[in-house]
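Coordinate analysis (summary)
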Amino acid sequence: MRFTRAEVLDRLRREILNKRPIVGAGAGTGISAKFAEEGGADLIVVYNSGRFRMAGHGSLAGVLAYGDANAIVKQMGKREILPVVRNVPVIAGVMGTDPLRCMDTLIAELDELGFSGINNFPSVGLIDGRFRMELESTQMGFGKEVDMISIARKRGFFTCVYVFNPDEAQAMAGAGADAIIGHAGLTTGGSIGIPAHEALSLEKATDLVRDSGEAG
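Read on for a plain summary of the structure. Model, not experiment: these values are computed from the prediction.

Cut-offs used in this document
- Residues numbered from 1 in each chain as written.
- Predicted model: local features only at pLDDT ≥ 70, side-chain atom pairs only at ≥ 80, totals over all residues.
- Heavy atoms only, no water.
- Helix = DSSP H or I, 4+ residues; strand = E, 2+ residues; numbered from the N terminus.
- Rg over C-alpha atoms; globule rule 2.2 N^0.38 Å.
- Buried < 20%, exposed > 50% of the residue type's maximum accessible area, 1.4 Å probe, protein only.
- Contact = heavy atoms within 4.5 Å.
- Areas by Shrake-Rupley, 256 points an atom, 1.4 Å probe, with all protein chains shown as cover.
- Axes fitted to C-alpha atoms, helices over the stretch in contact; angles between N-to-C directions.
- Parallel < 35°, antiparallel > 145°, perpendicular 65-115°, else oblique.
- Left-handed = near helix turned anticlockwise from the far one by under 90°.
- Arc of directions from axis to C-beta.
- Phe/Tyr/Trp six-rings, centres within 6.5 Å; stacked < 30°, edge-to-face > 60°.
- Pairing = 2+ DSSP bridges.

All right, on to the overall build of the chain then. A count of helical and extended segments in the chain gives nine helices and six strands. For the chain, the C-alpha radius of gyration of 16 Å lies close to 17 Å, the compact-globule estimate for 216 residues. In terms of overall dimensions, the chain has a C-alpha envelope of 45 × 40 × 35 Å along the principal axes. Counting only residues that meet the buried cut, the chain has 44% of its 216 residues in that class. In the chain, once contacts between residues fewer than 6 apart in sequence are set aside, the share between residues at least 24 apart is 66%. In the structure as shown, the chain presents an accessible area of about 11,000 Å², 54% of it carried by carbon and sulfur atoms.

Right under this line is the structure:
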């Protein structure tokens, strides 16, 4: 079921007014989406990394050149997840830096498929160091993700975005993002997450979320 931006915002604001946490559940298969809805998820998000996770691999596989991220999300949504989710907005994780796609066309295709919102994943925000610098210098940086969110907002999508520092939060707010999520790094624990001692500490994660929220 396709939800308008206003309808998604109304649903989330009711949760806030009732002092309940907003839960966005990533779904890598139709069955996980089904049970996320049954369990009370407020949003169901389709990431290309979900395909790799269901294959037994870590989420960062979705950031690497193992497949066409946007094609994977379209296929997962069209054939597995959108057909089985009845009453929860489904969000598409879009690789906004994809240089081989016209973003206006891609966003229109996702709208036609029935997605209710857009998120910026995979994100270059997960990349640092020299490689990140070179991506930024060759027009494949975070600014492309901001531009993609601006396109989605103008088309009427609900937009929830990942940011990795306050400056990115400000940029996404300027693009009209509805919800800003301070991304605290790769999933910790379990069979495909990083060890807890390698993860961002809870204290630092809290600072990131607060600072990003305030900047946004």
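What follows is about the packing of helix H7 (residues 142-154) against helix H8 (residues 166-174). It is at 9 Å that the axes of H7 and H8 come closest, and there the two elements cross at 30 degrees. Overall, the two elements H7 and H8 adopt an arrangement that is roughly parallel. For H7 against H8, the interelement crossing comes out right-handed. Contact with H7, carried on its side by Phe142, Glu145, Val146 and Ile149, involves Glu168, Ala171 and Met172 of H8 and no other residues of that element.

Residues Gly30, Ala33, Ala36 and Glu37 constitute the buried set of helix H2 (residues 30-38). Down the axis of H2, the buried side of the element spans an arc of 125 degrees, and every buried residue falls inside it. What points out from H2, more than 90 degrees from its buried face, is the exposed set Ile31 and Glu38. For H2, the secondary structure elements touched by its buried residues are strand E1 (24-26), strand E2 (43-46) and helix H4 (69-81).

A separate point is the side chain of serine 212. Mapped onto the secondary structure, serine 212 falls in helix H9 (residues 202-215). With near-sequence residues (within four places) excluded, serine 212 lies in contact with Val163, Asn165, Pro166, Ala169, Ile180 and Gly182.

Time to look at the packing of aromatic side chains. Under the definition given, this model contains four aromatic pairs. With a centroid separation of 6.2 Å and 65 degrees between ring planes, the pair formed by phenylalanine 52 and tyrosine 66 is classed as edge-to-face. Of this pair, phenylalanine 52 sits in helix H3 (residues 48-54) while tyrosine 66 sits in the loop between H3 and H4, placing them 14 residues apart in sequence. Residue tyrosine 66 is classed as exposed on the basis of its relative accessible area, which comes to 54%. Site record: aromatic cluster; members linked through ring pairs are Tyr47, Phe121 and Tyr162.

Two orientations exist for strands paired in a sheet by backbone hydrogen bonds: parallel and antiparallel. Pairing in this open sheet of six strands is parallel, and the strands run E1-E2-E3-E4-E5-E6 from one edge to the other. The open sheet has two free edges, formed respectively by E1 and strand E6 (179-182), since each of these has just one partner strand. On average, each strand axis in the sheet is inclined to that of its neighbour by 25 degrees, with strand direction left out of account. Where H4 meets the sheet, it contacts E2 and strand E3 (90-93), and its direction lies at approximately 130 degrees from that of E2.

Before going further, it helps to spend a moment on unusual backbone geometry. Following phenylalanine 121, the chain continues to proline 122 via a peptide bond in cis, the omega torsion being 0 degrees. If you check the backbone angles, lysine 19 has positive phi at about 60 degrees while not being a glycine. What makes lysine 19 exposed here is its relative accessible area of 76%. One non-glycine residue, glutamine 139, adopts positive backbone phi at about 60 degrees. For glutamine 139, the location among the structural elements is in the loop between helix H6 (129-137) and H7. Judged by relative accessible area, glutamine 139 falls into the exposed class, the value being 56%.

Burial analysis of strand E5 (residues 158-163) places six of its six residues in the buried class, which makes it a mostly covered element. Alternating residues of E5 divide into Phe158, Cys160 and Tyr162 and Thr159, Val161 and Val163, and every residue in both groups is buried. The sheet contact formed by strand E4 (residues 117-119) and E5 spans two bridges and is parallel. By the bridge assignment for E5, isoleucine 118 is matched with threonine 159.

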